[in-house]
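Single-letter residue listing:
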Amino acid sequence: MFRLSVERFPEIPALMGSVKGRYQSITYRQMAEKVRSFGRGLIALGMQDRDHVALLSENRPEWAIADIAFAHIGAVNVAIFPNIPTSQVEYIISDSGTKLIVVSDLCQLKKTLDIQTTKKDLVIISMETPPDGIKNIRTFDEVSRLGEASLDTDDEFEKRINLIKPDHWASIIYTSGTTGDPKGVILSHNNFVSNVEAAQKVIRFGPGEILLSIVPLNHVMGRLADHYLPISTASTIAYVESLLRLRQNLLEVKPHYMLLVPRVLEMFREGILANIA
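The structure contained in this document is the topic of the report that follows. None of these values were measured; they are calculated from a predicted model.

1. Topic: the side chain of Ser5
Here comes step 1: Of note, Ser5 is situated in helix α1 (residues 2-8).
Here comes step 2: A relative accessible area of 3% places Ser5 in the buried class.
Here comes step 3: Separated by 3.4 Å, the side chain of Ser5 and the backbone oxygen of Ser232 make a polar contact.
Here comes step 4: Once residues within four sequence positions are removed from consideration, Ser5 is found in contact with Pro10, Tyr28, Ile231, Ser232, Thr233 and Ala234.

Pasting the structure below:
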């Protein structure tokens with residue numbers, strides 16, 4: 001689905017993220033280049049077809065790039081809620097057999113560094129440049145540059161795509177709110193694609209129309225409505241900076257669509273009632 005959108009609408013903005021308070025976009029062609037570079041970098045690091053790799057991050061362009069790169073090389077995305085404590089992250093990494101984890105910022109990096117003290121073979125990639133003195137990790141950009149410099153990974157990248165079948169695992173999503181330890185739910189490529197195809201008949205996203213992404217992408221609903229569905233239609237995904245910045249981001253982005261959950265509607269209501277009072 002992603003490659004078809006790139007082929008049909010290469011110059012339409014794919015992702016929008018806020019950098020120093022201003023939204024910047026990359027096109028589908030540029031996103032495809034980033035996906036390829038990062039995917040090749042993962043291959044150069046030794047990631048194999050069917051390996052389990054994790055994402056511990058808030059919604060942002062790198063999340064989408066990493067997930068699509070995982071899909072291209074046949075890796076299974078173990079998506080983790082960014083607000084859970086270190087002990088739960090460690091449990092999920094151990095239970096899922098995760099070999100590599102991509103984290104967003106220093107807060108998430110500290111969790112994985114604590115885990116790395118006992119799980120020394122865990123590969124950590126940080127989307128943001130960490131403070132000086134932190135060792136045994138790589139940055140997102142470093143992995144992408146590694147991929148670009150590793151000439152033999154280009155053919156392997158294409159080979160991996162052709163190996164993927166509809167029933168191959170695409171992701172493991174760990175449930176929240178269940179009794180006992182979280183349970184890992186296995187979802188195949190076909191699980192996601194069939195949901196997208198069904199949703200396309202009801203929700204008419206158009207090429208270049210903007211969706212403001214707010215629901216966590218590690219959640220299955222967020223993955224469908226804020227990620228695979230807009231990507232399949234060559235829509236533009238803009239990522240909210242935070243719930244506290246939602247009102248400002250709405251004014252800045254002027255989205256056509258936004259998937260809302262009850263808590264966000266409650267926030268709107270509380271704000272309206274406070275102004276009325």
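The discussion continues.
2. Examining the nonpolar core
As a rule of thumb, nonpolar side chains are buried together in soluble globular proteins.
Here comes step 1: Within the largest apolar cluster, 49 residues are counted, with the highest numbers of intra-cluster contacts made by Leu15, Met31, Phe38, Leu42, Phe70 and Val102.
Here comes step 2: Residue contributions to this core peak at 7 residues, all from helix α3 (residues 61-72).
Here comes step 3: Grouped together as the second largest cluster of nonpolar side chains are 19 residues, Ala54, Val103, Leu122 and Tyr174 included.

3. Observations concerning the side chain of Ser96
Here comes step 1: Summarising the element assignment, Ser96 is placed in helix α4 (residues 86-96).
Here comes step 2: Judged by its relative accessible area of 7%, Ser96 is buried.
Here comes step 3: Of the polar contacts made by the side chain of Ser96, one reaches the backbone oxygen of Ile93; its length is 3.4 Å.
Here comes step 4: Side-chain polar atoms of Ser96 contact the side chain of Thr98, separated by 2.7 Å.
Here comes step 5: Excluding residues that lie within four positions of it along the chain, Ser96 makes contacts with His52, Val78 and Tyr174.

About the thresholds
- Residues numbered from 1 in each chain as written.
- Predicted model: local features only at pLDDT ≥ 70, side-chain atom pairs only at ≥ 80, totals over all residues.
- Heavy atoms only, no water.
- Helix = DSSP H or I, 4+ residues; strand = E, 2+ residues; numbered from the N terminus.
- Buried < 20%, exposed > 50% of the residue type's maximum accessible area, 1.4 Å probe, protein only.
- Polar contact = N/O pair within 3.5 Å; in protein donor to acceptor, adjacent residues only side chain to side chain.
- Contact = heavy atoms within 4.5 Å.
- Core = buried A, V, L, I, M, F, W, Y, C linked by side-chain atoms within 4.5 Å.

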